[in-house]
Amino acid sequence: RHFEDIKKIDENGVEYWEARELMSVLTYTRWENFEEVIKKAQIASINSGQDVDNHFRKSTKIITVGYNTAREFRDWKLDRYACYLIAQNGDSKKTAIALAKTYFAIQSRRQEVYEKLKEE
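Time to look at unusual backbone geometry. You will see that Thr27, though not glycine, has its phi angle at about 60°, which is positive. With respect to the helices and strands, the residue Thr27 is situated in the loop between α1 (19–25) and α2 (31–47). Located in the positive-phi region is Asn68, a residue other than glycine, with phi close to 55°. Tracing the sequence through the fold places Asn68 in the loop between β3 (56–66) and β4 (69–78). The exposure class assigned to Asn68 is exposed, which follows from its relative accessible area of 69%.

Below, the discussion takes up the side chain of Arg20. Along the chain, Arg20 turns up in helix α1. The contacts of Arg20, once residues within four sequence positions are left out, are Trp31, Phe73, Arg74 and Asp75.

Another aspect to go through is the pairing of strand β2 (residues 15–18). In the sheet, strand β1 (residues 8–9) pairs with β2 via two bridges, with the strands oriented antiparallel. Looking across to β2, one finds that Lys8 is bridged to Tyr16. With antiparallel pairing between neighbouring strands as the criterion, β1 and β2 make up a hairpin whose turn holds five residues, including Gly13 at a positive phi of roughly 80°.

Rules used in this analysis
Residues numbered from 1 in each chain as written. Predicted model: local features only at pLDDT ≥ 70, side-chain atom pairs only at ≥ 80, totals over all residues. Heavy atoms only, no water. Helix = DSSP H or I, 4+ residues; strand = E, 2+ residues; numbered from the N terminus. Buried < 20%, exposed > 50% of the residue type's maximum accessible area, 1.4 Å probe, protein only. Contact = heavy atoms within 4.5 Å. Pairing = 2+ DSSP bridges.

If you want it as structure tokens, here you go:
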């Protein structure tokens, strides 16, 4: 699966990604390890003067873990900026992280070109 394949749109038309799905796309197998990357990304957000709560929204989901057994799991709703920071703070030895970094570089360039065309 790819980054855009797991994108969701909320009731207000705002795009977001769920951290547990992003974890899989970025080839992390343990939530605890991925949550450390999320924490680093949140620190980067704060250090850049951003309100972390605008980009990283706590959420929970109920997952069936056995026969008639459901459990609540912590998750995050992430905007594109949060996903970008997660990619920047991820394990650079992972091919999926390198691909995510490339994806965001291309998306940023596209946005720059679009803004320039709008001005002209």
